[in-house]
Amino acid sequence: MKKSKLLPMLAAITAMSLGTMTVYAQTSADSEASSQESLDSNDENSGSAEEVTLNFWHHYSAQSPENETLMNVLIPKFEEENPGITVNAVSHEWADLHDKILINAKADTLPDVARLDSAWIPEFATAGILMPLEEEIADFQETADGLLDSAMSTAQIDGHSYGLALNTNTKILFYNKTALEDAGLEAPATMDEFVETAKALSGNNENGQQVWGYDEPALSGWNLCPFIWSYGGDILDPDQTTAEGYLNSEKTVAAIQMLADLYAEGAMTGFNSGDIPMTDGFGTGRYMMLLEGPWKISEMAGAYPDFAYETAAMPEGEGGSVSVLGGEDISMFTSANKEAAWKFMQFMTSEFAQVEMSKCGQIPVNEAALENETVKEADFAPFLEAIKTAKSRPTVSCWSEIDSELATAVTAVMNGEKAAQDAMDELAEKVDALLAGE
């Protein structure tokens, strides 16, 4: 382009030095120069968006409807609206993506953008590989304001925002409709009702098989937090700096003790090796109640299409009806092509993209999309109310260690090895040490 601009300049210099150009020739030269500048200007406009290949890593399964929508609907539309940007989307298995990011961070070969499990954000932010968007993106807040606040909290670490919420989920109560009707019971609305219902539905069925009122497949934060929060307890203080007085508070201990009592009375099971898998236990009438996410709907439809069940909100306790927030965020790495990456992040969280993904079972975080009739009529509609009060697990970099210690402590309580208060007192001390070491 520089060479083409030089030609009219040389012509003008030659004309002046010779002093023999006629008015017509000068006019012709001016006309040529003007035409060339116009061509140059058009070239600059057509190439104003430098050709960019944007690398996007995600964990939509390569065989999933979500991936088909991404590849065949969303990316083509984004590229059409953003000429010059090509999206190279690469699917990874969930666990593989986490590990691959850590490996590639060391080699400085990270993608521009990734769809991340919200639980990974604290770890990656602490590693210094995620872009603090509120510092780097001028219109970040404008985009963030259109997304669900609770979902956005999953990417907020130490006052910085390391991503946009992309999709969300939570857990609500699934219950055996026939079993409750036969027992003359309604879906439990309170924690007290939940306990009594779990006990009433436990025992032996007509075939002499043991049945349990409630199934809980693990004892991690994902499983325990809904009970702790609904009881009015917590894991950490609001500033996420200490566990003392929160993790071992009277209300948190009461939540743990309630679950331990249900287990001791044979009204709860599921977290021990060899227990019946959740879907099979529910579909065969061995487990009467579950606290699960929207994926359970499709699992039941596929495995037990004739099984009669219904759903209800997380039973309400002193702290309200508070479930746990899951989902994914879309984040930009510090090595990214910032302008192109941000455009893609905005597109993926737009109403259009969110509604398209909702057709595949992804719960939107875009507030306009949540009002869309397609979304309101989706299979996951019963979860839409629950996500309004659901909370994120602590967004601290040592959460994985805390989560592991929590499961160990509560397992000891379940097995009768420690009193709930003693176990949580010891746990609070360990967690504070972990927080101090961040």
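See the structure shown above.
Attention in this report is confined to the structure presented alongside it. (Residues numbered from 1 in each chain as written. Predicted model: local features only at pLDDT ≥ 70, side-chain atom pairs only at ≥ 80, totals over all residues. Heavy atoms only, no water.)

## Some words on the overall build of the protein chain
Consideration 1: If you tally the helices and strands in the protein chain, you get 20 helices and 15 strands.
Consideration 2: Every one of the 438 residues in the protein chain was classed for burial, and the buried ones make up 49%.
Consideration 3: Considering only intrachain contacts with a sequence separation of at least 6, the fraction spanning at least 24 residues in the protein chain is 74%.
Consideration 4: Accessible area of the protein chain: about 20400 Å², with a carbon and sulfur share of 48%. (Helix = DSSP H or I, 4+ residues; strand = E, 2+ residues; numbered from the N terminus. Buried < 20%, exposed > 50% of the residue type's maximum accessible area, 1.4 Å probe, protein only. Contact = heavy atoms within 4.5 Å. Areas by Shrake-Rupley, 256 points an atom, 1.4 Å probe, with all protein chains shown as cover.)

## So, the nonpolar core
Consideration 1: Counting 58 residues, the largest nonpolar core has Leu133, Leu164, Ile330, Met332, Phe344 and Met348 as its most contacted members.
Consideration 2: Of all the elements, helix H15 (residues 338-348) adds the most residues to this core, at seven residues.
Consideration 3: Beyond its immediate sequence surroundings of up to four residues, Met348 is in contact with Tyr60, Leu70, Leu74, Leu166, Ile330, Ala353 and Gln354.
Consideration 4: Judged by nonpolar contacts, the second largest core, of 56 residues, contains Leu224, Ala312, Leu427 and Val431. (Core = buried A, V, L, I, M, F, W, Y, C linked by side-chain atoms within 4.5 Å.)

## Looking at the pairing of strand S7 (residues 172-176)
Consideration 1: Burial analysis of S7 places five of its five residues in the buried class, the great majority of the element.
Consideration 2: Judged from the four bridges that link them, S7 and strand S13 (residues 309-312) form a sheet pairing that is antiparallel. What sits directly across from Tyr175, in S13, is Glu310. (Pairing = 2+ DSSP bridges.)

## Some words on the layout of surface pockets
The gaps left among the atoms become clear once a water-sized probe is rolled over them.
Consideration 1: Approximately 740 Å³ is the volume attributed to the largest pocket.
Consideration 2: Those elements that place two or more of their residues in the lining of the largest pocket are strand S3 (113-117), strand S6 (164-169), helix H14 (295-303) and strand S14 (324-332).
Consideration 3: Sort the elements by how many residues they give to the lining of the largest pocket and H14 lands first, with five residues.
Consideration 4: Tallied by class, residues from the lining of the largest pocket come to eleven nonpolar, 13 polar and eight charged.
Consideration 5: Roughly 270 Å³ of internal volume is contained in the second largest pocket.
Consideration 6: Surrounding the second largest pocket, 15 residues form its lining, Gln240, Lys391, Ser392, Arg393 and Pro394 being those nearest its centre. (1 Å grid on protein atoms, 1.4 Å probe; cavity = no way out; pocket = protein on both sides within 12 Å on 5 of 7 lines; lining within 4 Å. Points joined across faces, edges and corners; volume = space filled by probe spheres on them. Nonpolar A, V, L, I, M, F, W, Y, C, P; charged D, E, K, R; others polar.)

## Here we look at the pattern of salt bridges
Consideration 1: This model, assessed by the stated rule, comprises 15 salt bridges.
Consideration 2: The residue Glu136 makes a salt bridge to Lys338 at a minimum N-O spacing of 3.2 Å. With Glu136 in helix H6 (residues 133-136) and Lys338 in helix H15, this pair connects stretches of sequence that are 202 residues apart.
Consideration 3: Judged by its relative accessible area of 34%, Glu136 falls in the partly exposed class.
Consideration 4: Asp234 is the partner of Lys391 in a salt bridge, and the nearest nitrogen-oxygen pair spans 3.7 Å. You can see Lys391 sitting in strand S15 (residues 391-392) and its partner Asp234 sitting in the loop between helix H11 (221-230) and helix H12 (250-264), a full 157 residues away along the chain. (Salt bridge = Lys/Arg side-chain N within 4 Å of Asp/Glu carboxyl O.)

The values are spatial; any link to function lies outside them.
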